[in-house]
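Residue-level structural notes
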Amino acid sequence: MLTSRSQLLLFLVVSYFLSSPAYTQYYNTGQDPASLKWMQIKTPRFNVIYPATYGSGGADFAASLEEAYLRLSDYYTVRNYRIPVIIHNHTTNSNGYVAWAPRRMEIYPTPEQNTIPVDPATQLAIHEMTHVMQMESLNTGFTRAMTLLLGEQFAGAVAALVPLWYLEGDAVFAESVLTGSGRGRSPSFNNKLRAITVEKRRLFGYDKILNGSYRDFVPDHYESGFQMVAWARLNFDSKLWYNTLNFTGRMPYTLNPFNINLSQNVSLTKRKLFSQAFDTLKTLWTEDDNRSESESYQVMNPSGSRIYTNYHSPVYAGIDTIIAIKTSLSSIPSFVSITAAGIKEKKIHTPGNIYPFNLSAGAGKIAWVETVNDPVWENRSWSVIKIMDINNREVKQLTSKTRYMAASISPDGRYIASAENTAENKNSLVIISPQDGIILESHPAPGNSYLQKPQWDATGKKITVIYLTEKGEGIMVYSMEDKSWITLIEAGSNDLQSSFLRNDSLFYVSSVSGIDNIWIKTPGGNDFPLTKSRFGAGDLHVREKSILFSDYTSSGSNICSAVIPGDPLDADFHDSNSAYLINAIRSKPSDPVPALSEHEFIPRPYRKWQHLFKFHSWMPFYADLDLLKTDPAAVKPGITIMTQNNLSTLVSSLAYEYSGNRHKLHSKIEWFGWPVTVDSRIDYGTEPVVERFGNNSIEAGDPAEINPGMEITTRVALPLYFNNGRFIKSVNISSSMINQNKYLYSPDNFIYDTWQTHFTSRLYFSNYQRRAHRDIYPKWAQLIDLSHTFSPGDREFYGNILSARSAFYFPGFTSSAGLKLAFEYEKQDIEKFMWSSRISFPRSYDNVLARQVESFSADYYMPLFYPDFNIGSLLYMNRVRSDLFLDLARTEGRLAEQELVDHGEEFRSFGIELMSDFYILRMPFRFSAGVQAAWRSFGYDPYFRFLFNIDIFGMSISRTRL
């Protein structure tokens with residue numbers, strides 16, 4: 001029997017390998033196209049693996065990693081190691097993450113359009129190397145010893161004891177303090193917390209910041225975590241966080257080692273550290289706000305919404321019509337048309353995956369870009385241009401399988417300017433026809449700088465772009481007439497977000513004052529502020545004598561308008577940079593980084609077939625990973641070994657189990673390297689099954705020889721995934737075969753059948769609208785699941801079974817409520833065995849088997865309230881919801897007490913489910929629990945059932961961000 005301490009450690013391991021955050025083991029993030037050829041560069045600390053199409057980018061990133069390691073060595077003391085780094089350059093996503101078991105770093109190097117003024121490779125390298133340093137710091141003492149027993153997975157499990165706000169906040173701190181830029185110095189990164197603290201007078205409590213809310217907008221743990229880490233760096237010893245990680249690694253069995261070490265070293269718990277950090281920030285931000293002399297502007301969108309709502313990228317699309325992208329907690333991004341100065345608003349289109357939110361308008365049309373995935377390879381995606389006629393709202397996709405990161409339509413509607421970034425990391429300004437998407441011109445970016453947010457001037461003859469180099473961000477203009485580039489603002493450390501050229505005057509958004517505001521550079525080269533936004537202005541649009549922009553508040557961003565002064569005054573602006581904690585922290589001087597030539601960055605081929613297996617973790621017991629999802633203590637004596645290669649194309653496990661006085665072997669292998677996936681599982685040594693049928697079989701003896709039980713399952717599947725538009729579609733076509741050696745006695749021929757084979761074909765289809773934050777289920781969705789199983793060589797024992805399941809989701813009467821209708825049908829030809837049913841039966845009934853079943857169910861679900869209630873660190877509840885249901889079913893040939901009921905029967909139930917969503921002990925998993933009350937008839941007592949679920953895949957850390 002497991003002791004309480006060993007059960008705790010086992011729970012840590014199980015909790016960890018079932019989750020899917022940045023530090024996930026056994027987490028398959030997807031594959032790259034099978035046709036890619038791979039290269040590798042081995043440095044003293046890294047094995048950088050990348051597609052040959054990335055060219056010199058592999059060596060460049062290897063150098064960035066070595067430099068990041070040397071810089072971070074001032075903050076962490078770690079041993080030498082070598083970690084695989086896999087680069088995925090065929091996706092337009094911009095991100096990176098570190099996983100443990102198998103330990104690796106994965107990089108998605110395409111810069112996004114809302115970058116900060118730091119080289120993207122440098123930022124990625126420092127941020128992700130910080131995570132590696134964190135994990136290596138945990139791998140000490142008890143944790144290091146346990147890795148000998150459990151492999152790499154144990155250090156990953158211990159990471160679950162470290163709060164997510166620290167893991168990401170420390171990485172943001174590192175990228176900020178070591179580069180002189182970083183998100184910690186960016187106003188757009190800080191303004192959300194600042195607005196809540198200053199405008200609402202108080203920040204939310206620690207548990208609400210930690211776990212989020214459905215009632216209010218809560219900035220994520222990157223933002224709050226950075227502030228807490230920076231405050232501690234400013235007030236305590238620089239080795240505080242390293243010592244805390246080291247203590248956690250040495251003593252994970254103390255339940256809350258992170259808190260214990262903070263208390264011992266600085267007499268603070270995590271919650272008290274949060275309170276003191278934000279007390280300091282509240283003072284800083286409030287005093288700065290009082291001195292800022294910020295101004296208010298005319299709001300052009302409807303006001304008065306109680307729900308956090310943002311209006312992004314407003315553009316004029318007529319004399320008094322504004323089109324913008326609207327987002328809120330209860331709705332997905334949509335295009336809205338606003339007329340009569342914010343009195344009337346109308347939704348005109350719901351786009352697909354459009355982040356970042358950028359629109360362009362001209363000649364009665366609007367243009368934008370959306371991300372479209374490869375239906376087969378998750379690590380390949382494209383950015384395509386779409387255009388909509390405002391009058392008839394007809395939407396057309398202009399390009400296909402392109403990497404156009406931003407689009408701007410000219411005022412006369414004749415051209416579209418786009419910033420292109422290729423898989424080879426070549427950057428260009430591309431001029432495209434808005435009629436057919438044909439490339440008219442292509443102009444390489446000077447110095448291969450990364451181009452952002454191209455914008456035509458009022459004449460349609462010049463295009464301004466924000467450019468990014470190793471020196472930071474600047475603004476250039478391209479002349480269509482002269483075919484030349486001119487630099488208007490040199491690259492520097494100020495964050496630039498928008499640009500617009502009018503009459504040789506440059507309008508732009510800059511962070512120079514510590515708050516994003518709109519500036520103008522006159523033809524004489526002088527710079528003047530045009531706005532004094534309280535928390536930040538952005539998304540600049542210029543027309544004639546006025547500017548249109550978004551202005552941020554604690555309730556979201558509003559569309560605002562201001563008049564351009566005829567003669568801008570050389571007015572002083574308030575400098576808010578002193579209100580940034582990071583600006584009070586000095587980076588330690590680092591030793592000179594060795595030049596690239598001092599290392600051997602020599603690319604060599606990476607042969608995939610030579611790296612199929614990578615053993616990373618093992619357990620001195622047998623654990624069925626699927627069973628552990630519901631029962632973390634379901635382990636047996638034995639041993640389990642897991643493998644997963646660097647490219648995540650082959651995942652396998654091998655296990656030995658001893659239970660029930662039997663020796664059992666289990667093996668599983670999954671291949672993802674082709675468009676068609678293949679997996680196979682073998683279980684040997686189980687209790688053999690001996691079955692006899694009919695009266696004539698009573699006298700039959702046992703088989704002459706009974707071998708241990710064996711089952712071999714093989715499945716081939718074609719999973720397809722489509723995310724083009726507001727609906728996400730998936731199709732999965734699969735065929736599986738199960739072979740098993742049951743001993744089935746046939747009274748017809750007086751022998752035992754010793755080998756059975758079952759074939760199952762399945763077609764699964766889903767189509768659902770993207771979900772808003774508050775949605776319990778998608779507002780619109782359709783699901784169809786068809787399956788058929790037969791046994792061609794064993795018809796005397798097994799009949800066929802055909803199952804059809806469908807579900808349809810519709811919006812409810814309130815914004816986050818909905819209706820689900822489900823129709824299901826199943827029919828099987830009974831021989832001697834009856835297959836287990838695959839469809840849902842009315843609630844309150846269990847284990848109903850029948851030859852034919854038709855069922856219908858209706859659910860109306862809705863949120864009741866959002867309490868955001870906590871009991872210390874024990875419980876935080878952020879939603880209570882209900883589900884009213886009605887279930888109906890009709891059967892033919894139901895199996896009752898081993899006899900078939902030939903006549904038709906009807907079953908029904910109705911009732912209610914009350915559920916709450918909550919967090920326990922500040923663990924990063926959302927729990928859902930409640931009660932179901934089902935009545936079969938009026939006037940009778942209900943049947944009660946306790947409901948419980950853990951959203952093990954709902955951790956807030958993921959690869960959607962750095």
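Residues numbered from 1 in each chain as written. Predicted model: local features only at pLDDT ≥ 70, side-chain atom pairs only at ≥ 80, totals over all residues. Heavy atoms only, no water.

Some points on the overall build of the chain
- In terms of regular secondary structure, the chain is built from 13 helices and 51 strands.
- By the compact-globule yardstick of 30 Å for 962 residues, the chain fits well, its C-alpha radius of gyration being 31 Å.
- Principal-axis analysis of the C-alpha atoms places the extent of the chain at approximately 110 × 60 × 55 Å.
- For the chain, with 962 residues in total, the buried portion stands at 56%.
- Pairs at least 24 residues apart make up 58% of the contacts formed inside the chain by residues separated by at least 6 positions.
- For the chain, the accessible surface area stands at approximately 41000 Å², while carbon and sulfur atoms represent 53% of it. (Helix = DSSP H or I, 4+ residues; strand = E, 2+ residues; numbered from the N terminus. Rg over C-alpha atoms; globule rule 2.2 N^0.38 Å. Buried < 20%, exposed > 50% of the residue type's maximum accessible area, 1.4 Å probe, protein only. Contact = heavy atoms within 4.5 Å. Areas by Shrake-Rupley, 256 points an atom, 1.4 Å probe, with all protein chains shown as cover.)

Quick notes on the environment of Lys 636
- The topology assignment puts Lys 636 in strand β32 (residues 635-644).
- For the pair Lys 636 and Ala 171, spaced 465 residues apart in sequence, the C-alpha separation works out to 39 Å.
- Excluding its chain neighbours within four sequence positions, the residues that come into contact with Lys 636 are Phe 621, Tyr 622, Glu 657 and Ser 659.

What about the sheet that holds strand β29 (residues 556-563)?
- Strand order in this open sheet of 4 strands is β6-β29-β28-β27, and the pairing throughout is antiparallel. Either end of the sheet is taken by a strand with one partner, and the two such strands are β6 (298-299) and β27 (537-543).
- When β27 meets strand β28 (residues 546-553), the two strands line up antiparallel, connected through 5 bridges. Looking across to β28, one finds that Gly 538 is bridged to Ser 550. (Pairing = 2+ DSSP bridges.)

Quick word on the pairing of strand β1 (residues 38-42)
- Strand direction decides the pairing type here: β1 and strand β30 (residues 604-606), joined by 3 bridges, are antiparallel. Residue pairing in the sheet places Gln 40 in a bridge with Arg 604 of β30.
- By the bridge criterion, 5 bridges tie β1 to strand β2 (residues 46-51) in an arrangement that is antiparallel. By the bridge assignment, Ile 41 is partnered in β2 with Val 48.
- In this structure, the hairpin formed by β1 and β2 is closed by a connection of 3 residues.

Topic: the packing of helix α10 (residues 240-250) against helix α11 (residues 257-266)
- At a minimum axis separation of 9 Å, α10 and α11 run at an interaxial angle of 135°. By the criterion of interaxial angle, the relationship of α10 to α11 is oblique. In this structure, α10 meets α11 at a crossing whose hand is right-handed. Each of Leu 240, Trp 241, Asn 243, Thr 244, Phe 247 and Thr 248 in α10 lies in contact with α11, whose residues at this interface are Pro 257, Phe 258, Ile 260, Asn 261, Leu 262, Gln 264, Asn 265 and Val 266. (Axes fitted to C-alpha atoms, helices over the stretch in contact; angles between N-to-C directions. Parallel < 35°, antiparallel > 145°, perpendicular 65-115°, else oblique. Left-handed = near helix turned anticlockwise from the far one by under 90°.)

Regarding the sheet that holds strand β4 (residues 94-99)
- The mixed open sheet is built from 6 strands, whose spatial order is β4-β5-β3-β2-β1-β30. Each of the sheet's edge strands pairs with one partner strand only, and the pair in question is β4 and β30. On average, each strand axis in the sheet is inclined to that of its neighbour by 25°, with strand direction left out of account.
- Lying on the sheet, helix α2 (residues 57-72) is in contact with β1, β2, β3 (83-87) and β5 (104-109); it crosses β2 at an angle near 150°.

Quick notes on the pairing of strand β21 (residues 472-479)
- Of all 8 residues in β21, 8 are buried, a share of seventy percent or more.
- Sheet analysis places strand β20 (residues 462-469) next to β21, joined by 8 bridges and oriented antiparallel. Counted as the bridge partner of Ile 466 is Ile 475 from β21.
- Hairpin remark: β20 followed by β21, antiparallel, with 2 residues in the connecting loop.
- Pairing of β21 with strand β22 (residues 484-492) involves 6 bridges; the strand directions are antiparallel. Opposite Ile 475, over in β22, you have Ile 489 as the bridge partner.

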